[in-house]
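Summary of the model geometry
Listed here are the chains, written in short residue letters.
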Amino acid sequence: MTIFLVLLVVALLGVTFWQLSKIFQLSQGKNDNSQIANDNDNKNQGKIMLLFVIAMYAMIIYCFVAYRSYFLPETASEHGKDYDNLMLISVVLIMFVQVITQFLLHFFAFKYRGSKENKATYFADNNLLEAVWTGIPIVTLAGLIIYGLYTWTDIMDVNDEDDPLVVELYAYQFAWRARYAGADNELGKANVRFIEGVNTLGVDASDTYAMDDIVTTELHLPVNRKVVFKMRSQDVLHSAYMPFFRAQMNVVPGMITEFAYTPIKTTQEMRSSDFMIEKVETINGIRRNKNKDLLAKGEEALEPYEFDYYLLCNKICGASHYNMQMKIVVESEEDYNKWIAKQKTFKQVVAK
Amino acid sequence: MSAGAHGHHKETFITKYIFSEDHKMISKQYLITGLLMGIIGIAMSLLFRMQIAWPEQSFGVFEVLLGKWAPEGVMDPNVYLALVTIHGTIMVFFVLTAGLSGTFSNLLIPLQIGARDMASGFLNMVSYWLFFLSSIIMVFSLFVEAGPAAAGWTIYPPLSALPQAMPGSGLGMTLWLSSMAIFIASSLIGSLNYVVTVINLRTKGMSMSRLPLTIWAFFITAVIGIVSFPVLLSAALLLIMDRSFGTSFFLGDIFIQGEVLHNQGGSPVLFEHLFWFLGHPEVYIVLLPALGITSEIIATNSRKPIFGYRAMIGSIIAIAFLSTIVWGHHMFVSGMNPFLGSVFTFTTLLIAIPSAVKSFNYITTLWKGNLQFNPGMLFSIGLVSTFITGGLTGIILGDSTLDINVHDTYFVVAHFHLVMGISALYGLFAGVYHWFPKMYGKMMNKNLGYIHFWITAIGAYGVFFPMHFVGMAGLPRRYYTYTNFPYFDDLADTNQLITYFALFTAFGQLFFLYNFIHSMFYGKKAPQNPWKSNTLEWTTPVEHVHGNWPGELPTVYRWPYDYSKPNEEGDDYVIPGQDYATQVTPMQEGEKQLHH
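What counts as what
- Residues numbered from 1 in each chain as written.
- Chains lettered and ligands numbered in written order.
- Predicted model: local features only at pLDDT ≥ 70, side-chain atom pairs only at ≥ 80, totals over all residues.
- Heavy atoms only, no water.
- Helix = DSSP H or I, 4+ residues; strand = E, 2+ residues; numbered from the N terminus.
- Buried < 20%, exposed > 50% of the residue type's maximum accessible area, 1.4 Å probe, protein only.
- Contact = heavy atoms within 4.5 Å.
- Areas by Shrake-Rupley, 256 points an atom, 1.4 Å probe, with all protein chains shown as cover.
- Rg over C-alpha atoms; globule rule 2.2 N^0.38 Å.
- Lys, Arg positive; Asp, Glu negative; His and termini not counted.
- Charge placed at Lys NZ, Arg CZ, Asp CG, Glu CD.
- Pairing = 2+ DSSP bridges.
- Axes fitted to C-alpha atoms, helices over the stretch in contact; angles between N-to-C directions.
- Phe/Tyr/Trp six-rings, centres within 6.5 Å; stacked < 30°, edge-to-face > 60°.
- Lys NZ or Arg CZ within 6 Å of the ring centre and 35° of its normal.
- Buried area = accessible area lost by both parts, 1.4 Å probe.
- Salt bridge = Lys/Arg side-chain N within 4 Å of Asp/Glu carboxyl O.
- Polar contact = N/O pair within 3.5 Å; in protein donor to acceptor, adjacent residues only side chain to side chain.

A count of helical and extended segments in chain A gives 8 helices and 10 strands. In terms of overall dimensions, chain A has C-alpha extents of about 95 × 65 × 45 Å along its principal axes. In chain A, which comprises 352 residues, the share counted as buried stands at 48%. Partitioning the contacts of chain A with sequence separation of at least 6, the portion at a separation of at least 24 is 71%. With the model as given, the accessible surface of chain A reaches about 17400 Å², and the carbon-plus-sulfur share is 60%.

Here it is, written out as structure tokens:
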């Protein structure tokens, strides 16, 4: 039945197009059926070109205004400020070039729309012009490259002198675990070949460094202390993506990858920032609306949303890739110490 | 190739329409196959766009099309990933590589350089039929029990290597790899043929510096293909070894489904290097032919020489060279050494320079022209527009620092769809509208062309411009649903808007399909040179003849861009009353060789 309906719709569409093209042919006048653009077409299409670029500007403005809350969430890591700065410069530059070039392209299309009376200018080459628009991008890009690489080196430099907290991020289909290095701040050796029973991360029980390691399902971080993530995967590629910290690194089976940053805002501070208050209010507005429908249907209402940092998987990893997440809590050093003291060490877990 | 022999021997239906060695027929075969694959690819994108926009709703159309993979209209997550994967594969390789380059390289290389056919008509036929075979296998893989390949079009192992990791990595992936291996063979045979033809079979007077920019683009594209496709082939072969013969090129230290695999020492990052060594040049394999087509159409319809002919050639060569040393920008956060990241940032941002030169040259070509807005011209201008918009965000993604937070989000999806997806599709459409009279001897309806263009232009920006913002908000790509993150709740409206635009754009393509099929049979008969173009293909008769020119091959006397060239006194054109001088027009008395 559905197939029949689909066929019917297709047939009707065919008839519609046929009729449409007939109408257009008639509106053309009988003497021009050449299907080659004439002066009238050039005039119309040229005008639409101009309208199009105006509409494009309107769309750009609309997007930047209406979607301003999408634009890079407030940063919560130290290098995030440099990142945002570089992003801002790049976006401003890009939009500047975008606005000018799109205007020239469409405006020229409008202005020089053809007609029988016009003559095109034979203008095939100009070395000076070519040099100008080779030179300007070179200079601009040199600036961007230097600034970008400076920031990149800064971000990717993991230096032991900072006395960073060492945490292993362990990924498997479809969840995350964190392994803290414990009192010695040194992770015990591990390999998937050691996975057995409660030792789900394959920690090497013969390694003395491993005894005080702590495996958790939530990631807690003390504020203002650099943390180095050592990442390990159990099965396929994953990617640890922590957008609020401007941090991302793939997690690769068979090797250990690293990323480091310093969180500078606790979860509480983030929740009370203007950005997040507005954002959470919008989201809860949407959820309240949904609840009306849900309650009307006799289903359970959604809880109001409260913000928490999260880590998501950002490398396709299988059926439940879309739900592979871990909660991140950034807190004061005391709170962190209290929390970590409550967790079981590897020794305690294995002894049980 | 013996020129004189053609046109005399009797052709059967099979040698004329099926196993044809005539480049014009092969080009049509490529186009039709590419369009059919395109319909499948675009239909898939609509399905997964509907899933993203309304993740909590069920759709009857899902059940009709996906059957047991969408029970009661609710799409299975594995199928979502399969749709995304096959959409990418089909669009990149089958539509925009074979459908675009295969069609127009085949049609235009012999016609525009003044050759009777390709250097080897037989290999050309083999190339098409291998492509056809690979298409059949790819389509067939949609019907296997556990579903088609679903590991993303980049098929990173171990996900793609282990059937335990996802159902699509079983028979579906085997078929995907077989299909691609055959596709690569087809592409290599085709590319070698193009290169040999361009180098050896140019007619008298057709020096390299008199080649139309289309031919330059096809030529360089073929060279990039020859350099980079074999690397993908070797990656695919090694992956087949890992999957079926127990080797460990890309696998090591894996524990899955309760058991440790025996593999040791392999690295998925190695696969990423091999994949992107083709994967990035592939972007230009897709894009350069589109840019070549645009150069030709913009010059013809502006009634002006293309601005900076030599700079355009230089840019094509520079882009081609740089494209082979930038693949690492897909891998900034793959775990490779950050220093390598710096190097790839540097080379990547360099590509912006020849790209900027090309864009400015297109804009300058329009300046003081006498623009004829045929549908092909509209799509060419559209291409320049999306190429700029999409290319500019490459400055963000090519910067290793900025890539950290937008990598693998919808920002990337928006970027590459505009800069290579939409741009190359525009190139394909521009080419079809422009050379339809040459291919089928009929004119396409211009008004349907206008409607098609404006729906597509509005739709493409409506889909992909807001998508940048969704990506900036941190929404990862390839998510079946984002409802598990309440933080993304406020993206729902935008995602729905994008899907509406996608449906609208796809609807607009029906105008094209109707126009294409209708004009093929009932179109107005084309004049010999409808766009008053200078290039050689328009000196051949409208009715195709085997060997292209009924008599002698034409001799070329000038470059292809003598549009509106003034005579010595400046009161008329070099050919009085005619604003173009075809390449076979001898230099007029007193005329200066201004540029070539």
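So, next bit.
Scanning chain B from terminus to terminus reveals 16 helices and 2 strands. Relative to a compact globule of 596 residues, whose C-alpha radius of gyration would be 25 Å, chain B shows 24 Å and is just as compact. If one aligns the C-alpha atoms of chain B with their principal axes, the spans along those axes are about 85 × 50 × 50 Å. Residues counted as buried form 70% of the 596 residues belonging to chain B. In chain B, of all internal contacts separated by at least 6 residues, the share reaching a separation of at least 24 is 79%. Of the accessible surface of chain B, which amounts to about 17800 Å², a share of 67% is contributed by carbon and sulfur atoms. Side-chain charges of chain B comprise 27 positive and 32 negative groups, with the mean position of each set lying 13 Å from the other.

Let's shift gears to unusual backbone geometry. Note the cis peptide between Gln173(A) and Phe174(A), where omega equals 0 degrees. Structurally, the position occupied by Phe174(A) is in the loop between β1 (165-172) and β2 (175-180). Note that the residue after Pro157(B), namely Pro158(B), is joined by a cis bond; omega there is 0 degrees. Looking at the secondary structure, you find Pro158(B) in the loop between α5 (121-140) and α6 (171-200). Its identity as a non-glycine residue notwithstanding, Lys368(B) has a phi of 55 degrees, on the positive side. Within the element layout of this structure, Lys368(B) appears in the loop between α11 (352-366) and α12 (375-397).

All names here are of chain A. One open sheet accounts for 5 strands, arranged β3-β2-β1-β5-β8; its pairing is mixed. Every interior strand has two partners, whereas the edge strands, β3 (214-216) and β8 (257-261), have only one. On average, adjacent strands in this sheet sit at an angle of 25 degrees to one another, irrespective of strand direction. Pairing of β2 with β3 involves 3 bridges; the strand directions are antiparallel. Looking at the pairing, Ala178 lines up with Thr216 of β3.

Before going further, it helps to spend a moment on the sheet that holds strand β4 (residues 219-222) of chain A. Residue and element names in this part refer to chain A. Sheet architecture is open: 5 strands sit in the order β4-β10-β9-β6-β7, paired in mixed fashion. Only two strands of the sheet have a single neighbouring strand rather than two, namely β4 and β7 (247-251). Strand-to-strand twist across the sheet, computed as the mean angle between neighbouring axes with direction ignored, equals 20 degrees. As paired elements, strand β6 (residues 238-242) and strand β9 (residues 309-313) share 2 bridges and run antiparallel to each other. Bridge pairing in β9 links Ala240 to Cys313. Along the sheet, helix α7 (residues 333-342) contacts β4 and β10 (325-331); its crossing angle with β4, the most-contacted strand, is approximately 140 degrees.

So, on to the pairing of β2(A). Residues in a regular strand point their side chains to alternate faces of the sheet. All names here are of chain A. Of all 6 residues in β2, 5 are buried; the element is thus mostly enclosed. Pairing analysis gives 6 bridges linking β1 to β2, with the strands arranged antiparallel. When the bridges of β2 are listed, Tyr172 appears paired with Ala175. Here β1 folds back onto β2 in antiparallel fashion, the turn holding 2 residues.

Before going further, it helps to examine the side chain of Thr267(A). Residues and elements named next belong to chain A. As for its placement among the helices and strands, Thr267 is situated in helix α5 (residues 267-271). By relative accessible area, Thr267 is classed as buried at 5%. In this structure Thr267 touches Phe307, Asp308, Tyr309, Ile328, Val329 and Val330, once residues within four positions along its chain are discounted.

Taken as a whole and assessed by the stated rule, the structure comprises 83 aromatic pairs over all chains. Ring centres 5.8 Å apart and planes at 85 degrees place the aromatic pair Tyr440(B) and Phe516(B) in the edge-to-face group. Within this pair, whereas Tyr440(B) is found in helix α14 (residues 410-440), its partner Phe516(B) is found in helix α16 (residues 492-522), the two being separated by 76 residues in sequence. Between the NZ or CZ atom of Lys119(A) and the centre of the ring of Tyr573(B), over which it lies, the distance is 5.0 Å. The ring centre of Tyr487(B) lies 4.8 Å from the NZ or CZ of Lys279(A), which sits over that ring.

With that out of the way, let us pick up the environment of Val236(A). Locating Val236(A) in the fold gives a position in the loop between β5 (227-233) and β6. Classification of Val236(A) as buried rests on a relative accessible area of 0%. Each C-alpha atom, one on Val236(A) and one on Cys317(A), is 6.4 Å from the other, the two residues being 81 residues apart in sequence. Beyond its immediate stretch of four places on either side in the chain, Val236(A) contacts Gln173(A), Val251(A), Pro253(A), Cys317(A), Pro158(B), Leu159(B) and Ala165(B).

Here we come to the interface of chain A and chain B. At the junction of the two partners, chain A supplies 127 residues and chain B supplies 139 residues. Contact between chain A and chain B buries roughly 11900 Å² in total, counting both sides, with carbon and sulfur atoms accounting for 67%. Summed over the three residues of chain A that lose the most area to chain B, namely Tyr122(A), Trp152(A) and Tyr322(A), the buried surface amounts to 8% of that side. There are 5 salt bridges connecting chain A and chain B. Put simply, Asp253(B) and Arg193(A) hold a salt bridge, and the shortest N to O gap is 3.2 Å. Put simply, chain A and chain B have 43 residue pairs in polar contact (both at pLDDT 80 or more) between them. The dominant element in the side of chain A that touches chain B, judged by the number of residues it contributes, is helix α3 (residues 78-111) of chain A, at 16 residues.

Remember, this is a structural readout, not a statement about activity or role.
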